[in-house]
Each structure stands twice: as C-alpha cells, then as structure tokens.
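Topology and contacts: notes
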Amino acid sequence: MLATLVVGAMVISGMAGLFAGAGGSSEPTVPTDAAEGTNGAGEGAVAPLPEDHPVHTLARRDADDPMAIGDPDAPIVMLMYADFQCAVCGRWTREVEPTLIGEYVDAGDLRIEFRNFPIHGPESDLAARGARAAGEQDRFREFYEAVYAVDAHRDSGRFTEEGVVELAREAGVPDLDRFVADLDREEIVEAVARDADEATMLGVTVPPSFLINGHAVVGAQPVETFRDTIDPLLAAAE
C-alpha cells in the first residue's frame with residue numbers, strides 16, 4: 001500500500017505544471033459575455049494528450065465512484081476540484097453545470113468526477129467529510145445539490161456538525177446515525193485528504209478548477225469555455 005501511494009505521489013508531482021498558465025482569473029466569476037471565457041489555449045488549439053500521459057491515471061479511479069456523474073466509459077472525463085464554502089463554485093454548479101449535464105453527460109459523452117479541495121478552513125473540511133459520508137449511502141449528488149442550492153458565506157456556521165447533518169437529512173441520507181459516525185471515520189478523513197493533496201500537487205490554487213481529459217480550466221468559466229475544450233476532444237475521439 002505504501003509503495004502504491006508513493007508511486008501515485010510521484011506521478012502527480014510530475015504533473016504539477018498542468019494548471020500553470022491555464023485560463024481563468026485568480027478571482028473567478030461566471031461571465032455573462034461568452035467572449036470573456038477562454039481556456040487560455042486559443043481557438044482550435046485543444047488536442048488530445050498522448051494516451052500514456054500520466055494525467056490520465058487520475059480519472060476513472062472507480063467505476064462506481066459515488067462522487068461522479070456520467071458513464072464510466074465516457075470519452076471525456078472532467079475532474080472538478082471544489083470547496084463547499086466557495087460561493088463561486090455554487091454559482092457554477094447552478095448556472096453552468098446543468099447545461100453540461102444536459103448536453104454531454106446525458107448523451108454519454110462526459111463524466112464529471114468531483115474532488116474535495118477544502119481550503120477555507122474547518123467548516124470546509126467538515127462539509128467535505130459530510131459529502132463523502134453521504135456518498136457512502138449513495139446520496140452524494142443530493143448532498144452536493146443541497147449545499148450549492150444557495151449562496152455560501154464562509155464561516156457562517158452552516159457547516160457545523162449540526163448543519164451538515166441537516167443537509168444530510170435534506171439530501172435523503174437514510175441512516176443519519178451512521179452518517180454522523182462516518183464524519184470522523186478514518187477512511188473518510190483520509191479520502192478527503194487524498195483529494196486535497198492531489199489538487200495541491202497538480203498546482204490547483206483556486207476552486208473551482210477542472211481537468212478535462214488533462215486540459216486545465218481554472219475558475220467558474222462560462223459554458224462556452226467548456227464547450228471549447230470538450231468539443232474538439234470529442235471530435236478527435238470519434
């Protein structure tokens with residue numbers, strides 16, 4: 001097990017530059033003007049990475065991953081690194097993601113895999129563990145949607161243990177006693193830490209950040225930016 005973790009860390013550390021120079025600002029927003037969105041590569045510049053590129057080892061880590069949506073065999077996999085206290089992540093989830101789901105996920109072309117990147121303190125960490133615990137009972141997506149349904153305010157108290165349990169109840173988590181116990185279960189704590197370490201070693205600095213078949217998009221860019229990356233990759237996969 002230790003050898004596997006060390007090898008994994010070495011692979012990821014070798015990809016630390018993936019987010020360097022990627023599109024998006026350090027204060028990401030959801031632009032209303034499509035012309036403001038760019039992946040930083042220039043029109044027509046997106047091309048598939050080599051099949052043996054180590055970035056591909058990060059995706060499809062579990063065909064039954066409860067924190068993923070979409071066909072495990074979809075040609076495009078988008079990793080999303082996000083913090084549940086991130087208001088910008090919430091706006092992206094409400095304003096952009098539904099279009100991507102309707103256009104690509106439902107068609108079997110895109111799989112979205114969520115990664116916890118809790119950078120805003122203890123409430124972010126507890127929310128991340130809550131999401132994992134909800135996923136253990138097949139309610140991750142419902143928990144995710146309940147959290148992002150409203151604007152987040154950092155350190156508001158929304159993600160105290162009591163608040164997280166209420167979100168789990170809203171998400172329909174069937175066994176709340178198990179949920180509470182799982183919040184501190186070693187496997188869940190470690191899983192959240194692994195996601196965060198992966199993001200850090202890749203060079204992620206702001207949530208939300210995305211890897212689309214290895215191509216970085218930083219910030220809550222508009223849907224056109226995601227289409228500009230996904231469509232050429234889909235065309236190349238045909």
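Model, not experiment: these values are computed from the prediction. (Residues numbered from 1 in each chain as written. Predicted model: local features only at pLDDT ≥ 70, side-chain atom pairs only at ≥ 80, totals over all residues. Heavy atoms only, no water.)

Here five strands make up an open sheet; going across it, the order is S1-S3-S2-S4-S5 and the pairing mixed. In this open sheet, the two edge strands, each paired with only one partner strand, are strand S1 (68-69) and strand S5 (215-218). By the bridge criterion, seven bridges tie strand S2 (residues 76-82) to strand S3 (residues 110-116) in an arrangement that is parallel. Bridging from a neighbouring strand, leucine 79 pairs with glutamate 113 of S3. Docked against the sheet, helix H3 (residues 97-105) engages S1, S2 and S3, running at close to 140° with respect to S3. (Pairing = 2+ DSSP bridges. Helix = DSSP H or I, 4+ residues; strand = E, 2+ residues; numbered from the N terminus. Contact = heavy atoms within 4.5 Å. Axes fitted to C-alpha atoms, helices over the stretch in contact; angles between N-to-C directions.)

The next subject is the environment of histidine 215. Looking at the element boundaries, histidine 215 is found in strand S5. For the pair histidine 215 and isoleucine 230, spaced 15 residues apart in sequence, the C-alpha separation works out to 9.5 Å. Aside from chain neighbours lying at most four places away, what touches histidine 215 is Val46, Ala47, Pro48, Leu49, Phe210, Thr229 and Leu233. One polar contact links the side chain of histidine 215 to the main-chain carbonyl oxygen of alanine 47, over a distance of 2.7 Å. (Polar contact = N/O pair within 3.5 Å; in protein donor to acceptor, adjacent residues only side chain to side chain.)

Next up on the list: the environment of alanine 63. Among the structural elements, alanine 63 can be located in the loop between helix H1 (2-13) and S1. Linking alanine 63 and aspartate 73, residues ten residues apart in sequence, is a C-alpha distance of 8.4 Å. If near-sequence neighbours (up to four positions away) are discounted, alanine 63 is found in contact with Pro72 and Arg111.

Here we take up the pairing of S2. The buried count for S2 comes to seven of seven residues, which makes it a mostly enclosed element. What you see with S2 is no split at all: Ile76, Met78, Met80 and Ala82 on one side and Val77, Leu79 and Tyr81 on the other are buried throughout. (Buried < 20%, exposed > 50% of the residue type's maximum accessible area, 1.4 Å probe, protein only.)

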